[in-house]
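Residue-level structure breakdown
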Amino acid sequence: MADQYAHSGEDKRPTDIPAIRWEEPPEGPVLVLLDQTRLPAEEVELVCTDAPALVEAIRSLAVRGAPLLGIAGAYGVALAAVRGFDVDDAASALASARPTAVNLAVGVRRAHAAYQAALGKSGDPGEAAGAALEAARRLHREDAEASARMAEHGLALLDELLPAGGHRILTHCNTGSLVSGGEGTAFAVALAAHRTGRLRRLWVDETRPLLQGARLTAYEAARSGIPYTLLTDNAAGSLFAAGEVDAVLIGADRIAADGSVANKVGSYPLAVLARYHHVPFVVVAPVTTIDPDTPDGASIEVEQRPGHEVTEVTAPQVPVAGTEAGGGIPVAPLGTQAYNPAFDVTPPEMVTAIVTEHGVVSPVTSEALAELCARSRDVTIG
Ligand SMILES: CSC[C@@H](O)[C@@H](O)C(=O)COP(=O)(O)O
């Protein structure tokens, strides 16, 4: 079950609401999400008391973005465990709530494995639930630490790749604190550049059809005091042609073993533009986004979303997925069919570098990625 309540703003500043948090009120533990479908119009919290509510929140994009999906999935397993629901059922429903961001399944697996190991050892479901919660909390902390490391590595890379002076960075979708336990992935690098006086402008793609750029990245940029400008996705070409983009920084939902990068639809066209205009195209993602079990780009399952997201405009409140129509304002003739993949895949040869918390891979090859993953298993951060 999920409850929604608008935050009163009396006990804390509304902008301090974290994207996700675990709370233990007297009625029982809950997972509290900042409902991202309502941003930037209002900051409303969504309280989940069971896994089905969280699955719905994931599908409707109330909680979204690869790293945060991993954290949410792990907490979801813990929620099912502490509330005495069937943990195996919850884990499988959560892991398959959205198919493309591998972090979701990774987060679910981590908490589920901790639960099963503790249950096998002690036979005590309460202890096992505690182990699942601890695993979720650890993932949450690790992600915050990973954000900080990605920002450092990403900033150093920009210094290497770009001449000194203010950088003009183009980004797509939303990759800041709304998708992370910390300050995010690509956005964290832009933020670090801003804090050190190296960011001249953040160009923010609006990111059709659900406007994660306009609604969420612009919101985060405004909160952070970053100089930013919003553009329609199809204005990017003229921006490159005018020589106004020094680098593209994006996140990722899944990086295949060969270095193919799945990210929000519209990322691949930016890679094509970047290559034509000799501009670095940089992907920033934690190691948990690299999936050694997905061999190449063609093997990545790309989520297809309902057509009404394209045929109607509904921002700032995005309709719940799976409904016939979204209740928005139609912008196409009734009955229009829509092509609405949520992600696209950029081949490795078009990616200048992949920045992770364990270092930078450039050029992007399967060998270099495998080596980084092996190295990351030997090092614990956070
Ligand atoms: C660090 S976030 C990287 C990606 O998850 C992000 O760019 C993205 O594509 C999110 O898509 P969304 O459909 O909003 O979950």
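Right, let's walk through the structure included here. (Residues numbered from 1 in each chain as written. Predicted model: local features only at pLDDT ≥ 70, side-chain atom pairs only at ≥ 80, totals over all residues. Heavy atoms only, no water.)

**Some points on the sheet that holds strand S7 (residues 228–231)**
Filter applied, for reference: For two strands to be treated as a pair, DSSP must find no fewer than two bridges joining them. Only DSSP runs of H or I covering at least 4 residues are called helices, and only runs of E covering at least 2 are called strands; the numbering of each starts at the N terminus. Where helices are involved, their axes are fitted lines through C-alpha atoms of the stretch in contact, as for all axes, and angles between N-to-C directions lie from 0 to 180°. Residue contacts follow a heavy-atom distance rule, with two residues in contact if any of their heavy atoms lie within 4.5 Å.
Across the sheet, seven strands lie side by side as S7-S6-S5-S8-S11-S16-S17; this open sheet has mixed pairing. Of all strands in the sheet, those bounded by a partner on one side alone are S7 and strand S17 (359–361). In this sheet, adjacent strand axes meet at a mean angle of 25° when their direction is disregarded. Judged from the three bridges that link them, strand S8 (residues 247–250) and strand S11 (residues 281–284) form a sheet pairing that is parallel. Following the sheet pairing, Ile 250 is matched in S11 by Val 283. Across the sheet, helix H5 (residues 125–161) touches strand S5 (167–171), S8, S11, strand S16 (353–356) and S17, and the angle it forms with S16 is around 150°.

**A look at unusual backbone geometry**
Applicable threshold: Here the term buried applies to any residue with accessible area under 20% of the maximum for its type, exposed to any over 50%, and partly exposed to those in between, with areas from a 1.4 Å probe on protein chains only.
Here the residue pair Arg 208 and Pro 209 is connected by a cis peptide bond, since its omega of 0° sits within 30 degrees of zero. Here Pro 209 is to be found in the loop between strand S6 (199–205) and helix H7 (212–224). That bond from Ser 362 to Pro 363 is cis: its omega, 0°, falls within 30 degrees of zero. Tracing the backbone shows Pro 363 in the loop between S17 and helix H11 (366–378). In this structure, Leu 61 is a non-glycine residue whose phi angle is positive, near 70°. Topologically, Leu 61 is positioned in the loop between helix H1 (51–59) and helix H2 (66–82). Residue class for Leu 61 comes out buried when judged on its relative accessible area of 5%. With phi around 60°, Cys 173 is a residue other than glycine that occupies positive phi space. Structurally, Cys 173 is set in the loop between S5 and helix H6 (186–195).

**Points about the site of the ligand**
In plain terms, the rule: We define proximity as follows: a residue is near a molecule or strand when any one of its heavy atoms falls within 4 Å of that partner. Throughout this description, a polar contact denotes any pair of N or O atoms lying within 3.5 Å of each other; where both atoms belong to protein, one of them has to be capable of donating a hydrogen while the other can accept it, and for residues adjacent in sequence the pair is counted only when both atoms sit in side chains.
The ligand sits among 17 residues. The nearest are Arg 64, Ala 66, Arg 98, Asn 263 and Lys 264. A distance of 2.5 Å separates an oxygen atom of the ligand from a polar side-chain atom of Arg 64. Counting residues per element, the ones that place at least two in the shell around the ligand are H2 and strand S10 (261–264).

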